[in-house]
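Spelled out from the first residue to the last, the chains are:
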Amino acid sequence: MIEHNKITLGKQEQQAVSKVLDSGYIAQGKEVEKFENEFSDFLGLPEQHAVALSSGTSALFMSLWSLKAKHKSIAMPVYVCSSLRNAVAMVQANELLLDNAIDSPNISLNQLKKSNADFAIIPHMFGLPNQIQNINNIDIIEDCAQSLGASIGNEKTGLIGKAGIFSFYATKLMTSGGQGGMFVSKDKNLVDKVRDYREFDYRRDKKERFNFQMTDIQASIGRVQLRKLPSFLERRKEIFALYKESGLDLISSENNSSVYYRAVIRINDPARVKDKLLKQSIKTIIPIEDWELLGDVDNFKNAYNLTQTTLSLPIYPLLTNKEVKSIINQVGEAIQ
Ligand SMILES: *Cc1c(COP(=O)(O)O)cnc(C)c1O
């Protein structure tokens with residue numbers, strides 16, 4: 001069976017975890033601090049501009065909370081996982097759902113500009129950067145759960161908006177042991193607020209704070225994975241190029257500043273092709289299905305259209321060229 005996704009973990013992650021276990025200090029500590037600073041450095045931020053958290057969702061929540069988004073209007077795409085809606089609900093803000101740009105997995109920036117939202121959560125879906133650099137009237141939280149390492153102009157995604165969030169869930173571009181997240185911002189004042197809300201224990205003022213901490217066990221895995229990330233991204237790029245060379249109709253961007261989180265093809269009747277491929281021991285997914293859309297299908301035509309015409313093929317560092325060739329052949333047969 002060729003899995004749709006597979007995690008890349010090895011001896012180095014095991015050794016890193018062992019070291020933390022042997023130290024007897026397993027909660028948030030030195031490893032988390034090192035992970036944060038190495039992550040800042042990877043993005044091109046000064047030290048202490050990243051805050052490690054328990055998940056991408058908690059990083060979204062902490063962004064909205066620190067920006068005082070309660071009762072404000074938050075623009076967000078309809079074509080995305082429910083994490084965004086959950087974070088917006090937790091902070092008691094109002095969601096404003098927007099459709100995709102035509103034939104794109106990303107939110108329509110034209111609609112966003114015309115909206116009267118106070119804030120916007122903008123994911124760079126499938127690793128394709130949404131060109132948000134000219135949005136000036138709305139504070140943007142960049143959701144980089146799928147775009148770690150991608151760039152816009154000469155900056156990494158996560159640094160263009162007011163804040164950026166990342167996820168280290170098991171199926172993302174890298175993991176911190178199954179779950180994990182990161183908040184980043186150029187605005188040190190905002191970073192300090194998020195950090196303050198995270199340090200809940202032993203505080204004398206009566207402010208409410210939250211336990212969304214990452215553990216040193218998780219951070220030790222995250223640090224190893226971050227060192228491996230450039231090689232992960234390179235291998236994904238190679239696989240994407242093999243798919244592209246074979247003539248598959250892949251969703252991609254014109255410039256090469258993407259990362260290849262998903263290899264998504266445009267086809268008719270993806271559910272049928274998915275079943276056929278499964279019979280050939282190849283697992284694929286429809287990246288977002290129509291019932292997963294956060295709004296009513298009738299009101300979001302572009303997003304709905306994508307749910308009916310897309311299939312996500314396996315792409316991950318451990319996938320071999322032989323497997324890629326087999327997938328290409330089988331897809332060719334299945335779409336006949
Ligand atoms: C995975 C994901 C999230 C949520 O991250 P968790 O760590 O699972 O909470 C948010 N946004 C996007 C676009 C994602 O892909």
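This one's a predicted model, so the numbers in the text were calculated from it and none came from an experiment.

1. Here's the deal with the site of the ligand
- In the vicinity of the ligand, the contacting residues are Ser 55, Gly 56, Thr 57, Cys 81, Ser 83, Leu 84, Asp 143, Ala 145, Gln 146, Ser 167, Lys 172 and Gly 180.
- Take Thr 57: an N or O atom from its side chain is 2.5 Å from an oxygen atom of the ligand.
- Residue composition of the shell around the ligand, by class: three nonpolar, seven polar and two charged.

2. Some remarks on the domain arrangement of the protein
- On domain assignment, one finds that the protein holds domain 1 (11–223) and domain 2 (229–334).
- Relative placement of domain 1 and domain 2: their C-alpha centres are 25 Å apart.
- Taking both partners together, domain 1 and domain 2 bury about 2500 Å²; carbon and sulfur atoms supply 67% of that area.
- Of all residues in domain 1, Tyr 79, Phe 126 and Leu 173 give up the largest surface area on contact with domain 2, accounting jointly for 28% of the area buried on that side.

3. Observations concerning a positive patch on the surface
- Together, Lys 19, Lys 30, Lys 34 and Arg 227 make up a region of like positive charge exposed at the surface.
- The topology assignment puts Arg 227 in helix 7 (residues 216–245).
- Using a relative accessible area of 56% as the deciding quantity, one classes Arg 227 as exposed.

4. What to know about helix 4 (residues 83–90)
- Taken together, the buried positions of helix 4 are occupied by Ser 83, Leu 84, Ala 87 and Val 88. Angularly, the buried residues of helix 4 cover 135 degrees about the axis, an arc narrow enough to put them on a single face.
- Among the structural elements, helix 3 (56–66), strand 2 (73–77), strand 3 (94–98), strand 4 (119–123) and strand 5 (139–143) are those in contact with the buried residues of helix 4.

5. Re the nonpolar core
- Counting residues in hydrophobic clusters, the biggest one holds 43 residues, and the most contacted among them are Leu 53, Met 62, Leu 64, Ile 74, Val 78, Tyr 79 and Phe 183.
- Listing elements by their share of this core, those giving two or more residues are strand 1 (50–53), helix 3, strand 2, helix 4, strand 4, strand 8 (163–167), helix 6 (188–198) and helix 9 (301–307).
- When residues in this core are grouped by element, the largest group, five residues, is from helix 3.
- Leave out the neighbours within four places in its chain, and Val 78 touches Leu 97, Leu 98, Asp 99, Asn 100, Leu 293, Leu 294, Gly 295, Phe 300 and Ala 303.
- Judged by nonpolar contacts, the second largest core, of 25 residues, contains Ala 52, Met 214, Leu 226 and Val 259.

6. Examining the pattern of salt bridges
- Throughout the structure, instances matching the rule amount to 18 salt bridges.
- In this structure, Glu 31 and Arg 223 form a salt bridge, with 3.1 Å as the shortest nitrogen-oxygen distance. In this pair, Glu 31 sits in helix 2 (residues 30–43) while Arg 223 sits in helix 7, placing the two residues 192 residues apart along the sequence.
- By relative accessible area, which is 15% here, Arg 223 ends up buried.
- Its salt-bridge partner being Lys 186, residue Glu 155 comes within 2.6 Å of it at the nearest N-O pair. Here Glu 155, found in strand 7 (residues 155–156), pairs with Lys 186, found in the loop between strand 9 (181–184) and helix 6; they are 31 residues apart in sequence, far enough to count as distant.
- Using a relative accessible area of 26% as the deciding quantity, one classes Glu 155 as partly exposed.
- Among the residues examined, Lys 186 registers a relative accessible area of 46% and is labelled partly exposed.
- Salt bridges sharing common partners tie together Asp 196, Arg 203, Asp 205, Lys 207 and Arg 209.

7. A few points about the pairing of strand 10 (residues 263–266)
- Residues Ala 263 and Ile 265 line one face of strand 10 and the alternating positions Val 264 and Arg 266 line the opposite face, and both faces are buried.
- By the bridge criterion, four bridges tie strand 10 to strand 11 (residues 310–313) in an arrangement that is antiparallel. Within strand 11, the position partnered with Val 264 by the bridge is Ser 312.

8. Quick word on the packing of aromatic side chains
- Summed over the entire model, instances satisfying the criterion amount to 13 aromatic pairs.
- Seen in terms of ring centroids, Trp 65 and Tyr 197 are 6.1 Å apart; in terms of plane orientation they differ by 85 degrees. Their pairing is edge-to-face. Here Trp 65 is found in helix 3, whereas its partner Tyr 197 is found in helix 6, with 132 residues between them in sequence.
- What makes Trp 65 partly exposed here is its relative accessible area of 22%.
- Their ring planes at 85 degrees and their centres at 5.0 Å tell us that Trp 65 and Phe 210 sit as a pair that is edge-to-face.

9. Describing the sheet that holds strand 8
- Pairing in this open sheet of seven strands is mixed, and the strands run 1-9-8-5-4-2-3 from one edge to the other. Either end of the sheet is taken by a strand with one partner, and the two such strands are strand 1 and strand 3. Strand after strand, the sheet turns through a mean of 20 degrees between neighbouring axes, direction not considered.
- In the sheet, strand 1 pairs with strand 9 via four bridges, with the strands oriented antiparallel.

10. A look at the environment of Ser 231
- As for its position among the elements, Ser 231 is in helix 7.
- Spatially, the C-alpha atoms of Ser 231 and Pro 317 are 8.2 Å apart, while their sequence positions differ by 86 residues.

What counts, and where the lines are drawn
- Every chain is numbered on its own, with residues counted from 1 as its sequence reads.
- Residue-level local features of this predicted model are given only where pLDDT is at least 70; pairs of side-chain atoms are given and counted only at 80 or more, and the full residue set underlies all totals for whole chains, interfaces and linings.
- With hydrogens and water excluded, all non-hydrogen atoms of the structure serve as input to the side-chain values.
- Neighbouring residues are identified by heavy atoms, a residue being near a molecule or strand if any of them is within 4 Å of it.
- As used in this structure description, the phrase polar contact means that two N or O atoms lie within 3.5 Å; if the pair is within protein, one of them must be able to donate a hydrogen and the other to accept it, and residues adjacent in sequence are counted only when both atoms belong to side chains.
- In this classification, Asp, Glu, Lys and Arg are treated as charged, Ala, Val, Leu, Ile, Met, Phe, Trp, Tyr, Cys and Pro as nonpolar, and every other residue, Gly included, as polar.
- Where each domain starts and ends follows an automatic or database-derived domain assignment.
- Here the quantity called buried area is the accessible surface, traced with a 1.4 Å probe, that two parts lose on coming together, added over both.
- Patch members must show over 30% relative accessible area and no salt bridge, and they are joined within 9 Å when carrying like charges or within 5 Å when they are nonpolar side chains of Val, Leu, Ile, Met, Phe, Trp or Tyr.
- Surface accessibility follows the Shrake-Rupley procedure with a 1.4 Å probe radius. Residue values consider only the protein chains on display as shielding.
- Salt bridge, as used here: a side-chain nitrogen of Lys or Arg that lies within 4 Å of a carboxyl oxygen of Asp or Glu.
- Lys and Arg are tallied as positive, Asp and Glu as negative. Neither His nor the chain termini are counted.
- Where a charge lies is defined by one atom per residue type, namely NZ (Lys), CZ (Arg), CG (Asp) and CD (Glu).
- Labels follow the DSSP assignment, with helices taken as runs of H or I lasting at least four residues and strands as runs of E lasting at least two, numbered in each case from the N terminus.
- With a 1.4 Å probe rolled over the protein chains alone, any residue whose accessible area is under 20% of its type maximum counts as buried; one over 50% counts as exposed, and the rest are partly exposed.
- Each direction from the helix axis to a C-beta atom contributes to the arc, which is the arc of those directions.
- Throughout, a residue-residue contact means that at least one pair of heavy atoms, one from each residue, lies within 4.5 Å.
- The set of buried Ala, Val, Leu, Ile, Met, Phe, Trp, Tyr and Cys residues whose side-chain atoms join them within 4.5 Å is what this entry labels a nonpolar core.
- If DSSP finds at least two bridges between two strands, the strands pair.
- Classification of ring pairs rests on two measures: the distance between centres of Phe, Tyr or Trp rings, Trp counted by its six-membered ring, which must be within 6.5 Å, and the angle between planes, read as stacked under 30 degrees, edge-to-face over 60 and tilted in between.
- Only C-alpha atoms enter the line fits that serve as axes; for helices the fit covers just the stretch in contact. Angles between N-to-C directions range over 0 to 180 degrees.

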